[in-house]
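Here are the chains, one letter per residue:
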Amino acid sequence: NLMQISEITNESLIKIIKKSNSYSIDGFYIADSLGSLYAHQVTTIVHTLKKYSKVKIGIHAHNNKLMALANSLQAVSCGVEYVDSTIKGMGRGCGNAQTEYLYIEKNKLNKKKCFSDPVKNLSVLINREFNELNLKYKWNDNLYYYLSGEYKIHPSYVQEILKNNN
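No experiment lies behind these values; they were computed from the predicted model shown.

Calculation notes
Residues numbered from 1 in each chain as written. Predicted model: local features only at pLDDT ≥ 70, side-chain atom pairs only at ≥ 80, totals over all residues. Heavy atoms only, no water. Helix = DSSP H or I, 4+ residues; strand = E, 2+ residues; numbered from the N terminus. Pairing = 2+ DSSP bridges. Core = buried A, V, L, I, M, F, W, Y, C linked by side-chain atoms within 4.5 Å. Buried < 20%, exposed > 50% of the residue type's maximum accessible area, 1.4 Å probe, protein only. Contact = heavy atoms within 4.5 Å. 1 Å grid on protein atoms, 1.4 Å probe; cavity = no way out; pocket = protein on both sides within 12 Å on 5 of 7 lines; lining within 4 Å. Points joined across faces, edges and corners; volume = space filled by probe spheres on them. Nonpolar A, V, L, I, M, F, W, Y, C, P; charged D, E, K, R; others polar.

Caption draft 1: Quick look at unusual backbone geometry. One non-glycine residue, Gln-4, lies in positive phi territory at about 50°. Among the structural elements, Gln-4 can be located in the segment before helix 1 (10-20). Non-glycine residue Leu-66 carries a positive phi angle of around 65°. Its location among the elements puts Leu-66 in the loop between strand 2 (56-61) and helix 3 (68-77).

This is how it looks when you write it as structure tokens:
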């Protein structure tokens, strides 16, 4: 699991991949920990991984700049096999790619009906459980998290800012 992938140069990524090839691993995960990647960067990273690595690839996208869904879908279109997501984007700070949206987009790609029983069930679960959790723990997008993605500031710092009433 290579965190803060946005901060790693392509040359360093190639070195890391080559080194990882000497170990017995099942997969290589990239994490956009700062939520600052754009789709074209995801494409470059995944193509580099596909070229030099022989294992399955996954992505964990944070939603600081509201691009977790788009970046996850871009990674899938480039051949990523694993995509992390959480219901309603639940996660630290601004959260992650949202399971319900990924499910709908995946079905559209496969030319299936978008509003199926699993989506209905997710909707019931979200309304019954996750909306209240979201209000309590406040994972969602806001200007501070967006700026943290823009300026590559760790989300823990933003959490401290948000706790401060001054």
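Caption draft 2: Structural context of the sheet that holds strand 1 (residues 27-32). The 3 strands are arranged 1-2-3 in an open sheet whose pairing can be described as parallel. In this open sheet, the two strands that pair with only one neighbour each are strand 1 and strand 3 (82-83). Pairing geometry for strand 1 and strand 2, over 6 bridges, is parallel. Looking at the pairing, Ile-30 lines up with Ile-59 of strand 2.

Caption draft 3: Geometry of the nonpolar core. Membership of the largest hydrophobic core comes to 16 residues, with the highest contact counts inside it found for Ile-5, Leu-13, Ile-30, Ile-45, Val-46 and Leu-49. For this core, the secondary structure elements donating two or more residues are helix 1, strand 1, helix 2 (39-52) and strand 2. No other element matches the 4 residues that helix 2 contributes to this core. Those residues in contact with Ile-30 that lie beyond four places of it in its chain are Asn-1, Leu-2, Ile-5, Ile-45, Val-46, Leu-49, Gly-58, Ile-59 and His-60.

Caption draft 4: Layout of the layout of surface pockets. Its volume calculated, the largest pocket comes out at about 220 Å³. Taken together, 13 residues form the lining of the largest pocket, with Leu-73, Val-76, Val-83, Leu-102 and Lys-106 sitting closest to its centre. Looking at the lining of the largest pocket, the elements with two or more residues in it are helix 3, strand 3 and helix 4 (99-109). With 5 residues, helix 4 is the largest single contributor of residues to the lining of the largest pocket. The residue makeup of the lining of the largest pocket, split by class, is 8 nonpolar, 3 polar and 2 charged. Along its surface, the second largest pocket is lined by Gly-93, Lys-136, Tyr-137, Lys-138, Tyr-145, Gln-159, Leu-162 and Lys-163. When contributions to the lining of the second largest pocket are tallied by element, the ones reaching two or more residues are helix 5 (117-137) and helix 7 (155-163).

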